[in-house]
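Geometric and topological summary
The primary structure of each chain is shown beneath.
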Amino acid sequence: MLIIGERINGLFNDVADAIKKKDKKVIQDLALKQLKAGAQMLDVNTGPSTMNPQETMVWLVESVREVTDAALVIDSPKVTVLEAGIAAAKDKTVINSTTAQQDKLDKIVPLAVKYNSLLIGLTMNEKGIPSDMATKSELALVIIAACMEKGLPQDNLLLDPLILPVNVTQAQVKETLEAIKMIKTLSTPAPQVILGLSNVSQGTKNRSLINAVYLAMAMACGLDGAILDPMDKEVMNIMYTAEILLNKTIYCDSYLRA
Ligand code: THG
């Protein structure tokens, strides 16, 4: 499983505070702690409240780059912020994200080609986020086709069927599992599929439990990676256990010490 650490995101109060105070130690600690806890990549998102997202993205990326050369997942809906983040990271970046909207594909897929970057494609368009498996899969196909046409190798594309909170729209939680299965059949070799796991439990009680159970279910449907909190032991233990039960890693008695 590809594990992308979610914690450097202005949605979290400690990160929002650090951005305000330009306290890079907080950001660097979060970077190193997430890597130590098992993240292979780090999501970087300014959050919704920052006044100048471009400048904030550059500051976040430069702060993280002082302590690690791990791949950075530049997370913004704005093309200008994506470009600024990629330039600041120099190397090893993932673009998070494009949608299936034509004007976005026209701008962002060439950006991924230019920087030979991985690209996350969200199954949504100008009509919003669909809640059914068929429309999610259809939009995945639109993104796959655009990448083929514009010359982004299939290996560089990660599709995200976008999970929403279970307390807001309960039926789409299962539809998203079905979408993972369906998207895996859309091309050969199978597309890679990821999720922003913690969305599923936003505003609920027992967040870790809901995240962990959903992760196990999504992995059984073929999920290849997730943006999650790697410092959440419950989630990570279930991830390692699911990898064994799905025959992705070899069983050994001491596996939970991994
Ligand atoms: N897909 C892709 N990228 C994404 C998402 C996705 N990036 C952002 C998000 N979704 C994944 N990251 C988070 C980060 C934080 C939370 C959820 C998902 C979260 N934060 C608390 C909240 O809003 O309740 C913050 C409060 C706190 O604990 O301080 O839940 O789906 N490609």
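Above this text is the structure in question.
A few points on the structure.

Parameters at a glance
- Residues numbered from 1 in each chain as written.
- Predicted model: local features only at pLDDT ≥ 70, side-chain atom pairs only at ≥ 80, totals over all residues.
- Heavy atoms only, no water.
- Salt bridge = Lys/Arg side-chain N within 4 Å of Asp/Glu carboxyl O.
- Helix = DSSP H or I, 4+ residues; strand = E, 2+ residues; numbered from the N terminus.
- Expected span 1.5 Å × (residues − 1).
- Buried < 20%, exposed > 50% of the residue type's maximum accessible area, 1.4 Å probe, protein only.
- Contact = heavy atoms within 4.5 Å.
- Near = heavy atom within 4 Å.
- Polar contact = N/O pair within 3.5 Å; in protein donor to acceptor, adjacent residues only side chain to side chain.
- Areas by Shrake-Rupley, 256 points an atom, 1.4 Å probe, with all protein chains shown as cover.
- Nonpolar A, V, L, I, M, F, W, Y, C, P; charged D, E, K, R; others polar.

1. Topic: the pattern of salt bridges
Scanning the entire structure with this criterion turns up eight salt bridges. Salt-bridge contacts for aspartate 29 lead to lysine 25; the nearest nitrogen and oxygen are separated by 3.3 Å. Taken together, the residues span about one helical turn, with aspartate 29 and lysine 25 both in helix 2 (residues 24-36) at a distance of four residues. Look at the salt bridges and you will find they share partners, linking Lys174, Glu178 and Lys181 into a network.

2. A closer look at helix 8 (residues 207-220)
For helix 8, which comprises 14 residues, the first-to-last C-alpha distance of 20 Å matches the rise-based estimate of 20 Å (1.5 Å per residue) to within 8%. Within helix 8 the residues assigned to the buried category are Asn211, Ala212, Tyr214, Leu215, Ala218 and Met219. In the core, the buried residues of helix 8 are packed alongside helix 7 (171-183), strand 7 (192-196), strand 8 (225-228) and helix 9 (233-245). Glycine 222 occupies a position one or two residues after helix 8 and carries a positive phi of about 115°.

3. Structural notes on the site of the ligand
As a matter of local geometry, the ligand sits amid 17 residues, with Asp75, Asn96, Asp160, Asn199 and Arg207 nearest to it. Between the ligand and asparagine 96, the relevant distance is 2.9 Å, taken from a nitrogen atom to a side-chain nitrogen or oxygen of the residue. Protein contact buries 78% of the 670 Å² of open area that the ligand shows by itself. Every element with two or more residues in the shell around the ligand is listed here: strand 1 (2-9) and strand 5 (118-122). Class assignment of the residues belonging to the shell around the ligand gives a composition of six nonpolar, seven polar and four charged.

Just distances and angles here, no functional claims.
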